[in-house]
Amino acid sequence: MRDAFLNELPDISCAGSRPLCATHYRTMVVVAQCTGPRAEEVLALEWEDIDFENLHMKVVRAVVHGRLKMVKTEYSEDELPLDPGFAETLLIWKCRLGAEREVQNGVSTPLVGLDLVFPSTSTGRHFHAAPAQQDYIRPAGCCLVACPKCGAGMGIWCIQDSPTPNGKRLPLHDERWDAAGKYGSVGWHTFRPTYRSWLDSTGAPIGVQQKLMRHAQVSTTMNVYGNALMTAKREANSEVVKMALRSA
């Protein structure tokens, strides 16, 4: 289910909304799948956390219900390696955000420091994890199957007779939710276990997996002890990024 979702994640569009809306959610999912952070950590990322020159990303904060807080444990605060292909995806996203800001403000203002990697398209502040999951991620899972009512194919929103007002996304038909079955339960936590599973499939040592997952105890990852240097972490992470970017 998890691999299939990433393979077929629809390029979601928002009727009557800004063009960035689609790419926001898609890029969030790519970040979650390529580096394994929790949803609240993805949404709290700032550009100062990402070092493109040295290819690493710091996880130092989380956001819950719009409020910043510390990460889950002291072990959750760590540096993660950035695969060059994944770094390029983030750079493209940064350029897109910068271009959108220039259109809005009429002047070029580079994205730096405390600027959010994923600012809300409506408020400019942090996204909330629950609405993003309910309104986009779970419906994207339902789009893994065709709609038995309107005939919309895989990866395409349901066909409606009239546009939805207020710039909201088009809804999915109830029949499609029923047909989706287990795919309709895809959510933020789907991606973190997937990351762990893909690490395991690369043959990465359990110590490397523990460090990349940022678990306090290796038993949380698996009942085997180990340790990992940045080089080993980078090699294992790059294998997962190749899988994720190939799917996206």
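Fair warning: this is a prediction, and the values are worked out from it, not measured in the lab.

The rules we used
- Residues numbered from 1 in each chain as written.
- Predicted model: local features only at pLDDT ≥ 70, side-chain atom pairs only at ≥ 80, totals over all residues.
- Heavy atoms only, no water.
- Helix = DSSP H or I, 4+ residues; strand = E, 2+ residues; numbered from the N terminus.
- Contact = heavy atoms within 4.5 Å.
- Areas by Shrake-Rupley, 256 points an atom, 1.4 Å probe, with all protein chains shown as cover.
- pLDDT = per-residue confidence, 0-100.
- Buried < 20%, exposed > 50% of the residue type's maximum accessible area, 1.4 Å probe, protein only.
- Core = buried A, V, L, I, M, F, W, Y, C linked by side-chain atoms within 4.5 Å.
- Expected span 1.5 Å × (residues − 1).
- Salt bridge = Lys/Arg side-chain N within 4 Å of Asp/Glu carboxyl O.
- Phe/Tyr/Trp six-rings, centres within 6.5 Å; stacked < 30°, edge-to-face > 60°.

Draft legend 1. Representation of the overall build of the chain in the model. A tally of helices and strands in the chain yields 10 helices and 5 strands. Taking contacts inside the chain between residues at least 6 apart in sequence as the whole, the part at least 24 apart equals 62%. Accessible area of the chain: about 12,100 Å², with a carbon and sulfur share of 51%.

Draft legend 2. Representation of the confidence of the model for the chain in the model. Of the residues in the chain, 82% reach a pLDDT of 70 or more, and the chain-wide mean stands at 82. In this model residues 6–19 is a low-confidence stretch, pLDDT under 50, and it forms 36 contacts with partners more than four residues away in sequence or in other chains. The model gives residues 223–227 a pLDDT under 50, and that stretch makes 10 contacts with residues more than four places away or in other chains.

Draft legend 3. Molecular detail of the environment of Ala44. Positionally, Ala44 belongs in the loop between helix H3 (39–42) and strand S1 (50–51). With 16 residues separating them in the primary sequence, Ala44 and Val60 have C-alpha atoms 8.7 Å apart. In this structure, Ala44 is in contact with Asp49, Arg61, Ala62, Val63, Leu68 and His126, ignoring residues within four places of it in sequence.

Draft legend 4. Spotlight on the environment of Arg234. Among the structural elements, Arg234 can be located in helix H10 (residues 230–247). On a C-alpha basis, the gap between Arg234 and Val208 in space is 9.3 Å, while along the polypeptide they are 26 residues apart. The residues contacting Arg234, other than those within four sequence positions of it, are Asn54, Leu55, Pro81 and Leu82.

Draft legend 5. Representation of the side chain of Glu46 in the model. Mapped onto the fold, Glu46 is located in the loop between H3 and S1. Judged by its relative accessible area of 7%, Glu46 is buried.

Draft legend 6. Quick look at the nonpolar core. Met28, Phe86 and Phe118 are the most contacted members of the largest nonpolar core, which has 45 residues in total. Those elements giving two or more residues to this core turn out to be helix H2 (20–35), H3, strand S2 (56–59), helix H4 (84–105), helix H5 (129–142), helix H7 (188–201), helix H8 (206–213) and H10. Here the element with the most residues in this core is H2; it accounts for 7 residues. Contact partners of Phe118, with chain neighbours within four places excluded, come to His24, Thr27, Met28, Val31, Val42, Trp93, Arg125 and Phe127. Among the nonpolar cores identified, the runner-up in size contains 9 residues, and Cys142, Ala152, Leu172 and Ala180 belong to it.

Draft legend 7. Structural context of H7. The end-to-end C-alpha distance of H7 is 21 Å, a good match for the 20 Å that 14 residues give at a rise of 1.5 Å each. Within H7, 10 of the 14 residues are buried, which leaves the element mostly enclosed by the surrounding structure. All of the buried residues along H7 are Trp188, Thr190, Phe191, Arg192, Pro193, Thr194, Tyr195, Arg196, Trp198 and Leu199. Where H7 terminates, the next one or two residues include Gly203, which has phi positive at roughly 85°.

Draft legend 8. Quick peek at the pattern of salt bridges. Taken as a whole and judged by the stated rule, the model has 9 salt bridges. Between Arg38 and Glu41 there is a salt bridge; the shortest N-O distance is 2.9 Å. Per residue, the accessibility class of Arg38 equals that of Glu41, and both read buried. Of the charged contacts, one joins Glu239 and Lys242 as a salt bridge, the two residues approaching to 3.7 Å between their closest N and O atoms. One end of the pair, Glu239, and the other, Lys242, are both in helix H10, 3 residues apart, so they sit about a helical turn from each other. Here the salt bridges share partners, and the residues they tie into one network are Glu46, Glu48, Asp49 and Arg61.

Draft legend 9. The arrangement of the packing of aromatic side chains in detail. Counted by the stated rule, this structure contains 5 aromatic pairs. With a centroid separation of 6.4 Å and an interplanar angle of 85°, the aromatic rings of Trp188 and Phe191 are classed as edge-to-face. A residue pair is termed a helical-turn pair when its members lie 3 or 4 positions apart in one helix, as Trp188 and Phe191 do in helix H7 at 3 residues. Taken as a pair, Trp188 and Phe191 share a single burial class, namely buried. Joined through ring pairs, the aromatic side chains of Tyr25, Phe127 and Tyr136 make up one cluster.

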